[in-house]
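Geometric and topological summary
This is what each chain is made of:
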Amino acid sequence: MFKLRKNSIKILLVIFFITLLPLIPTGMSQYQQSFYLAGASSIVPQISKTMDCKANLKLEKNDSNYNIIIENRSEETYAEWEIMFYKEKQMTLTNLEETTNGWSLKGTNLKPKEPVIIPINLEITPQEDEEKYLNHYLEKFVFLSSCKIKES
Amino acid sequence: MKKTKYILLLFFLIGISIMSIGYSLLATNLTLDANSEIVGEWDVRITNMKAIQVSPGCDAGTPMFTDTTMGFYAKLIKPGDSITYEITIENKGTMDAKLETIDITPDEENGSERLHYENTTPKTQLGKGETTKFTITVTYDTSSTEIPETKSKAITGTIEYVQT
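What this report covers is the structure whose coordinates are included nearby. (Residues numbered from 1 in each chain as written. Chains lettered and ligands numbered in written order. Predicted model: local features only at pLDDT ≥ 70, side-chain atom pairs only at ≥ 80, totals over all residues. Heavy atoms only, no water.)

Attention now moves to the overall build of chain A. A tally of regular secondary structure across chain A gives two helices and 10 strands. Going from the N terminus to the C terminus, chain A shows its helices and strands as α-β-β-β-β-β-β-β-β-β-α-β. By the burial criterion, 36% of the 152 residues in chain A qualify as buried. Here chain A displays about 10200 Å² of accessible surface, and carbon together with sulfur accounts for 53% of that area. (Helix = DSSP H or I, 4+ residues; strand = E, 2+ residues; numbered from the N terminus. Buried < 20%, exposed > 50% of the residue type's maximum accessible area, 1.4 Å probe, protein only. Areas by Shrake-Rupley, 256 points an atom, 1.4 Å probe, with all protein chains shown as cover.)

Okay, here's the thing in structure tokens:
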């Protein structure tokens, strides 16, 4: 009287499994949180012998010591300035303010077109290597200096 | 023969009907009144990001962060300069968490070889209510003797905490 065909059995089995599917523990449920990082860094050079900030910066040897010459190249504007010297092994500046990374020198009211000469006590150790490394240091010294100048 | 079958079927159905009615009459309703709720709360998030060390003259910008993202833009001036950012992650939920993956990768292929990134790792186990901090430091190579042609480098990363 009740004939169950093969197809009917298949359909019943499919319905059975679909009904039970949500009850099957997956074992995959787990809270999680992802954090995303995006960053960038840039080198913003302020280090060249002729500064973009319209100041000239020179280092020259004066007898047994050195001078920094800073010149405000603007036509009319007085300037407030700061030079930072990066710390270098075997090189010490004894009359400048020491910062975390080197030395800093600041000034205000730099007149247009009037170079200012600032003597600095630069010590190179060992002294016998001074001549040998002088050019190298001069080059690097200026390179590793930076200057900020703004209208004041 | 066919008639006998129909009679048997009729009796069978009547029997089932009587059993059902009897069961209904004798059955007592037992009412169970109960509520259940999920009290476990998952809430691990970034709660702070700031620059904790900036070399003089450098610009750390304003680090930006949301609950799940963090970003920064650092500007360095001279060799030896560095900037360090500190990120705080807090487990404000009621479930313990563990660090599943941390993958922070600078773009070495396209970025400046003179910029270097270093990072610390946040806590591996972050219990409920606990806080962890980690840092990312970018440094301008101290051995640089000239301004590099490529002046920037990006960094991206993913940190994933999962339920313990």
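Turning our eyes to something else, we now look at the overall build of chain B. Scanning chain B from N- to C-terminus turns up one helix and nine strands. From first element to last, N terminus to C terminus, chain B shows the α and β order α-β-β-β-β-β-β-β-β-β. Within chain B, the proportion of its 164 residues that are buried is 35%. Sequence-distant contacts in chain B: of pairs separated by 6 or more residues, those separated by 24 or more amount to 72%. (Contact = heavy atoms within 4.5 Å.)

Next up on the list: the packing of aromatic side chains. One pass over the structure, following the stated rule, counts four aromatic pairs over all chains. Members of the aromatic cluster, each reached through a chain of ring pairs, are B:F72, B:Y85 and B:Y117. (Phe/Tyr/Trp six-rings, centres within 6.5 Å; stacked < 30°, edge-to-face > 60°.)

To continue, consider the sheet that holds strand β7 (residues 125-126) of chain B. Spatial ordering of the open sheet is given by β2(B)-β3(B)-β1(A)-β9(B)-β5(B)-β7(B), a layout of six strands whose pairing is mixed. Across the chains shown, the open sheet's two edge strands, defined by having one partner strand only, are β2 (64-65) and β7 of chain B. Note that strand β1 (residues 32-43) of chain A and strand β9 (residues 152-163) of chain B share 11 bridges and pair antiparallel. Note on β9(B): the bridge partner recorded for A:A40 is B:A154. (Pairing = 2+ DSSP bridges.)

All right, on to the interface of chain B and chain A then. Each side of the interface is counted separately: chain B has 52 residues, and chain A has 27 residues. At the boundary of chain B with chain A, total buried surface from both sides reaches about 3600 Å², with 61% on carbon and sulfur atoms. Inspection of the chain B/chain A interface yields zero salt bridges. At the boundary of chain B with chain A, the tally comes to 20 residue pairs in polar contact (both at pLDDT 80 or more). Taken together, the elements giving at least two residues each to the side of chain B that touches chain A come down to β1 (44-54), β3 (69-76), β6 (115-119), β8 (131-140) and β9 of chain B. No other element matches the 12 residues that β9(B) contributes to the side of chain B that touches chain A. In terms of residue class, the side of chain B that touches chain A is made up of 27 nonpolar, 15 polar and 10 charged. (Buried area = accessible area lost by both parts, 1.4 Å probe. Salt bridge = Lys/Arg side-chain N within 4 Å of Asp/Glu carboxyl O. Polar contact = N/O pair within 3.5 Å; in protein donor to acceptor, adjacent residues only side chain to side chain. Nonpolar A, V, L, I, M, F, W, Y, C, P; charged D, E, K, R; others polar.)

Our next topic: the side chain of A:S42. Within the fold, A:S42 resides in strand β1. Judged by relative accessible area, A:S42 falls into the buried class, the value being 10%. A distance of 2.8 Å separates the side chain of A:S42 from the side chain of B:Y73, its partner in a polar contact. When sequence neighbours within four positions are dropped, the list of residues in contact with A:S42 reads B:Y73, B:A74, B:K75, B:L76, B:L115, B:K151 and B:S152.

On to the nonpolar core. Counting residues in hydrophobic clusters, the biggest one holds 32 residues, and the most contacted among them are B:M70, B:F72 and B:Y161. Counting residues per element, the ones that place at least two in this core are β1 of chain A together with β1, β3, β4 (82-91), β5 (97-106), β6, β8 and β9 of chain B. Counting residues in each nonpolar core, the second largest holds 15 residues, with A:I68, A:I83, A:W103 and A:I120 among its members. (Core = buried A, V, L, I, M, F, W, Y, C linked by side-chain atoms within 4.5 Å.)

All right, on to the pairing of β9(B) then. By the bridge criterion, nine bridges tie β5(B) to β9(B) in an arrangement that is antiparallel. Its bridge partner being in β9(B), B:T105 is matched across the sheet by B:T156.

Bringing the sheet that holds β4(B) into the picture now. Residues and elements named next belong to chain B. As summarised here, the arrangement of the four strands in space is β1-β4-β8-β6, forming an open sheet in which the pairing is antiparallel. A single partner strand is all that each edge strand has here, and the edge strands are β1 and β6. Strand after strand, the sheet turns through a mean of 20 degrees between neighbouring axes, direction not considered. Note that β1 and β4 share nine bridges and pair antiparallel. Looking at β4, one finds that Q53 is bridged to T84. (Axes fitted to C-alpha atoms, helices over the stretch in contact; angles between N-to-C directions.)

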